[in-house]
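Residue strings, one per chain:
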Amino acid sequence: MKLLQMIEKKQRNSRVVARSESLVQGLPVTILVQKAIFAKKALERPTMNPIQATHQRSIQQKDAFWREEAAGVHWETPFTEVLDYSNPPFARWFVGGRTNLCFNAVDRWLDTQADDPALVWVSTEVEQEVTYSRRDLYREVNAVAAMLQAQGVVRGDRVLIYMPMVPEAVFAMLACARLGAIHSVVFGGFASVNLAQRIDDASPKVIVCADAGSRGGKVTPYKPLLDKAIALAQRPPAKVLVVNRGLFAFEPVAGRDLDYASLRHQYEGAVVPVTWLESSEPSYVLYTSGTTGKPKGVQRDTGGYAVALASSMQRIFNGKPGDTYLCTSDIGWVVGHSYIVYGPLIGGQTTILYEGTPVRPDGGILWSLVERFKVNTMFSAPTAIRVLKKHDESLLKKYDLSTLRALYLAGEPLDEPTAQWISDGLGRPIIDNYWQTETGWPILAAQPGIANVPTKFGSPSFPVYGFDVRVLNEETGADLGPNQKGVVAIVPPLPPGAMTTIWGDDARFVETYFSSVPGRQVYSTFDWGSKDDDGYWFILGRTDDVINVAGHRLGTREIEESINCHAAVAESAVVGIADQLKGQVAVGFAVLKDAGLFSQSEQLLKLEGDIMRLVDEQLGPVARPARVRFVTALPKTRSGKVLRRAIVAVCEGRDPGDLTTIEDPSALEQIKDSL
Ligand code: ATP
Ligand code: MG
C-alpha cells in the first residue's frame with residue numbers, strides 16, 4: 001500500500017508542461033514549463049476536458065463520429081454503413097465504400113499541390129538529397145505500378161518489399177496500394193531466416209529489393225541476404241525487382257531478377273488507373289517487433305486506415321496541408337508505414353525520408369534537418385533520444401527550431417528524466433504516445449489538434465478517440481479505478497485503422513488477442529498500466545515483465561524510471577529474476593552517459609549503492625534492485641526495444657530462445673559477463 005501511495009505521489013508530482021493557447025491557433029508557442037503540482041482543486045475538476053469529451057462521443061456515438069471523420073478521405077463510392085460488427089471481434093468499417101490509399105496520398109493533391117514538395121529524401125549515408133513534388137511522386141509511383149502490373153501483379157496479390165530508406169521503397173508501397181496489391185514491408189536489417197519466414201507467410205508474387213543499404217557509413221548488402229532467403233523459402237517469388245544503388249556488386253539471377261532503372265525508363269510516363277478497393281480489403285501485412293516472441297503478421301484494411309490517418313494528422317498531430325513532417329522511424333515499422341508514408345501524404349503534407357543515424361555526422365543532425373526543412377512536426381523514438389543523451393547537449397540548442405510545434409515519441413516507455421532532458425534541451429512540447437503495430441495509430445496521446453491540455457512527463461496522456469481503453473484486473477477481468485494497476489485492454493470493436501486479423505489466421509487473431517482476460521472478449525495489449533485521478537494514463541511495462549517481490553507487484557518500468565533519474569545514467573533495463581526467498585528480485589542493467597568517469601571498480605560500487613538508494617527513496621525498499629550492473633549497450637530488437645525476456649533467461653541461466661530480431665548479440669554477452 002505504501003508503495004502504491006508513493007507511485008501515486010510520484011505521478012501527481014510529475015511535471016506539468018503547459019502550453020499556451022496559441023498552439024491551437026497554429027502560432028509559435030511559448031512553453032510554460034512549470035513545476036506545477038496538481039492542486040487538490042484540479043483533482044476535483046468536475047467536467048471533462050475537450051479531449052475526454054471527444055473520446056466519449058467517439059465511443060457513445062460511433063456512427064455519427066466516424067461518419068464525420070470519414071469526410072477527410074476521398075470515397076470513389078460512398079459507404080452504406082459505418083460499422084458492421086455482426087461477427088465480433090471482427091470489425092468492418094465503412095462497409096461498401098470504395099477508396100484507395102495511393103489516390104488519397106498522391107492523386108488527390110495534384111490539383112492544389114502538384115509542384116509542392118511531397119517527398120524529400122535526405123541521406124547522410126550516401127550524401128544525397130532529392131525532392132519529389134506531388135507530380136514527381138505521381139510519375140514515379142505510376143511507373144512502378146506499371147512495372148509490377150507487367151509482372152502480373154493484380155489486386156490481392158502480395159508484394160514483399162525489402163528495402164533501405166530510399167524513395168523507391170515509398171514508390172513501391174504506393175504502387176502496390178494503387179494496384180490493390182498487398183505489401184509486406186520487411187525491415188531491411190533482418191537476416192535471411194527472418195526474411196524467409198516472411199516470404200513463406202506472404203507468398204509474394206514479386207519482391208522489391210535494393211543491392212544494399214548503408215548504416216553509420218557502412219554498406220550492408222541486401223541482395224545476397226535476399227538470395228539466401230529465397231533459397232530457404234518454400235514459397236519463393238517469381239520475380240525480384242532490384243534497385244541498383246551501385247553500393248554492392250552482384251550477379252542478377254537470369255529469368256528472375258529485373259533491373260529497376262531499365263524498367264523505369266521503359267515505363268516512364270505510364271499511367272496506371274487506380275484500383276478501387278472495398279474499405280475492408282487488405283492494404284498491407286506487417287509484423288510486430290518480436291520483443292516478446294514470434295512476430296505476428298498484422299493485417300490492415302484500406303478505408304478504416306485511410307480515415308484513421310487523415311483524422312490523426314489533424315487531431316493528434318495538429319497539422320494541416322502544406323506542413324512538413326519528419327519521422328525518423330523506418331519504413332519497416334508501423335510508425336514508418338503510418339507516419340513516414342501514408343499519414344503525411346494523405347494529409348497533404350511534405351514528408352521527409354531520412355536515411356542515416358541520429359548521431360552522424362554528429363548528434364545535431366536531426367535538429368539541423370528541422371531547421372533546414374522548416375519541419376513542423378517531428379516523430380521519433382525514446383531510444384533515439386537516449387542515444388543523444390550520450391552526446392554533446394549543446395547541439396540541442398544550435399539550430400533554429402522555431403517552426404517545430406512538437407516532438408512526438410513512441411515505441412517504448414518515455415521515462416520522465418529523458419522527457420525532461422529533451423524538453424529542456426529543445427524548448428518544444430514533447431508528446432509521448434503509446435501504440436502498437438496492431439493498432440496502426442496511437443491508443444494514448446495528447447491531442448493538441450483537439451485541445452491544448454497540459455501533459456505530464458512519464459504519461460502518454462489520454463485515450464485517443466475510438467479506443468475504448470480500460471485498465472482491467474488480470475484475474476477477474478473487472479474494470480479498475482484510478483491509481484490501480486492492471487492490464488491495459490481495449491473493448492472491441494477496435495477503431496478504424498487497427499488490425500483486422502492476423503494474416504491468414506483468423507483463429508489465431510481471436511486466440512492471441514481476445515482470449516486472455518477472464519470472462520470478457522476484450523483486446524489485450526499485454527501491457528500493464530494505470531491512470532491517475534486526472535485521467536492521465538501510465539504504461540508500466542509489459543504484463544510479462546511485471547515483477548512479484550514478496551507479494552508486491554511492480555512494473556519493470558517503474559524501477560527503470562527511478563534508475564534513470566541518476567544523473568550518470570543514460571538508460572537502463574530492469575528484469576525480475578527468480579529468487580528462492582522473495583519469489584523474484586529485481587536486477588538492473590544501466591548504460592552510463594560517460595562510462596569513462598567510472599573506470600575504477602570502487603567508483604562503480606559506489607554508483608551502484610547510490611542508484612539503489614535512489615530507488616529506495618522513490619519507490620521504497622521493496623523495489624530496490626538486488627544488483628545493478630553496468631554495460632555499454634542493452635540487448636534490443638532492431639526496432640530499438642529492450643529484449644527483457646532474453647535478459648531474464650540469461651540471468652536465470654536459461655536459453656534465451658528466439659533471438660532473430662536482436663540488434664547486437666554482443667549486448668547479451670555483456671549481460672552474461674556482468675553477472
Ligand atoms: P511483439 O508484439 O512481437 O512482442 P512489440 O510489442 O515490441 O513486439 P510493437 O508493436 O513494435 O511490437 O510495439 C508495441 C509495444 O511497444 C507496446 O505494446 C508497448 O509495450 C511498447 N510501447 C509503444 N509505445 C509506448 C509508449 N509510448 N510507452 C510505453 N510503451 C510503449
Ligand atoms: Mg506487442
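All values reported here derive from a predicted model rather than from experimental measurement.

Conventions and cut-offs
Residues numbered from 1 in each chain as written. Chains lettered and ligands numbered in written order. Predicted model: local features only at pLDDT ≥ 70, side-chain atom pairs only at ≥ 80, totals over all residues. Heavy atoms only, no water. 1 Å grid on protein atoms, 1.4 Å probe; cavity = no way out; pocket = protein on both sides within 12 Å on 5 of 7 lines; lining within 4 Å. Points joined across faces, edges and corners; volume = space filled by probe spheres on them. Helix = DSSP H or I, 4+ residues; strand = E, 2+ residues; numbered from the N terminus. Nonpolar A, V, L, I, M, F, W, Y, C, P; charged D, E, K, R; others polar. Pairing = 2+ DSSP bridges. Contact = heavy atoms within 4.5 Å. Axes fitted to C-alpha atoms, helices over the stretch in contact; angles between N-to-C directions. Near = heavy atom within 4 Å. Polar contact = N/O pair within 3.5 Å; in protein donor to acceptor, adjacent residues only side chain to side chain. Areas by Shrake-Rupley, 256 points an atom, 1.4 Å probe, with all protein chains shown as cover. Phe/Tyr/Trp six-rings, centres within 6.5 Å; stacked < 30°, edge-to-face > 60°. Buried < 20%, exposed > 50% of the residue type's maximum accessible area, 1.4 Å probe, protein only. Lys NZ or Arg CZ within 6 Å of the ring centre and 35° of its normal.

Caption draft 1: Here's a closer look at empty space enclosed by the protein. Using the criterion set out here, one finds 9 cavities of 30 Å³ or more in the structure. Computed from the structure, the second largest cavity encloses a volume of approximately 120 Å³. When contributions to the lining of the second largest cavity are tallied by element, the ones reaching two or more residues are helix H18 (556–564) and strand S33 (569–579). For the lining of the second largest cavity, the leading source of residues is H18, giving 4 residues. Across the lining of the second largest cavity, the residue classes break down as 3 nonpolar, 2 polar and 8 charged.

Caption draft 2: Seen up close, the sheet that holds strand S13 (residues 239–243). Strands sit in the order S14-S13-S10-S8-S9-S16-S17-S28 across an open sheet of 8 strands; the sheet is mixed. Strands with a single pairing partner mark the edges of an open sheet, and in this sheet they are strand S14 (257–259) and strand S28 (501–502). Direction of pairing for strand S8 (residues 158–162) relative to strand S9 (residues 182–185): parallel, over a ladder of 4 bridges. Each residue of the ladder has a partner; that of arginine 158, found in S9, is isoleucine 182. Taken strand by strand, helix H13 (residues 334–346) contacts S9, strand S16 (284–287) and strand S17 (297–300), and its axis lies near 135° from that of S16.

Caption draft 3: Looking closely at the site of ligand 1. In the vicinity of ligand 1, 20 residues are found, and the nearest of them are Thr288, Thr291, Thr292, Thr437 and Asp527. With respect to ligand 1, the side chain of threonine 288 contributes an N or O atom lying 2.6 Å from an oxygen atom. Within the backbone of glycine 411, one N or O atom sits 3.0 Å away from a nitrogen atom of ligand 1. Its free accessible area being 640 Å², ligand 1 has 95% of it covered by the protein chains. Within the shell around ligand 1, the residues separate by chemical class into 4 nonpolar, 9 polar and 7 charged.

Caption draft 4: Fine view of the environment of proline 454. Tracing the backbone through its elements, the reader meets proline 454 in the loop between strand S23 (444–445) and strand S24 (455–456). For the pair proline 454 and aspartate 415, spaced 39 residues apart in the sequence, the C-alpha separation amounts to 17 Å.

Caption draft 5: Focus on the packing of aromatic side chains. Within the structure shown, the criterion is met by 33 aromatic pairs. Plain terms: the ring middles of phenylalanine 65 and tryptophan 66 are 5.1 Å apart, the flat faces sit at 85° to each other, and that makes the pair edge-to-face. By relative accessible area, phenylalanine 65 is classed as buried at 1%. Residue tryptophan 66 is classed as buried on the basis of its relative accessible area of 1%. With 5.2 Å between their ring centres and 15° between their planes, tyrosine 513 and tyrosine 523 make a pair best called stacked. With tyrosine 513 in helix H17 (residues 506–513) and tyrosine 523 in strand S29 (residues 523–531), the pair connects residues that are 10 residues apart, well separated along the chain. Looking at tyrosine 513, the relative accessible area reads 1%, which means it is buried. Given the relative accessible area of 1%, tyrosine 523 is considered buried. Within the aromatic cluster, the residues linked to one another by ring pairs are Phe65, Trp66, Trp75, Phe79, Trp93, Phe94, Trp441, Tyr465 and Phe467. The lysine or arginine in question, arginine 198, covers the ring of phenylalanine 190, its NZ or CZ lying 4.7 Å from the ring centre. Just above the ring of tyrosine 465 sits the side chain of arginine 315; from NZ or CZ to the centre is 5.4 Å.

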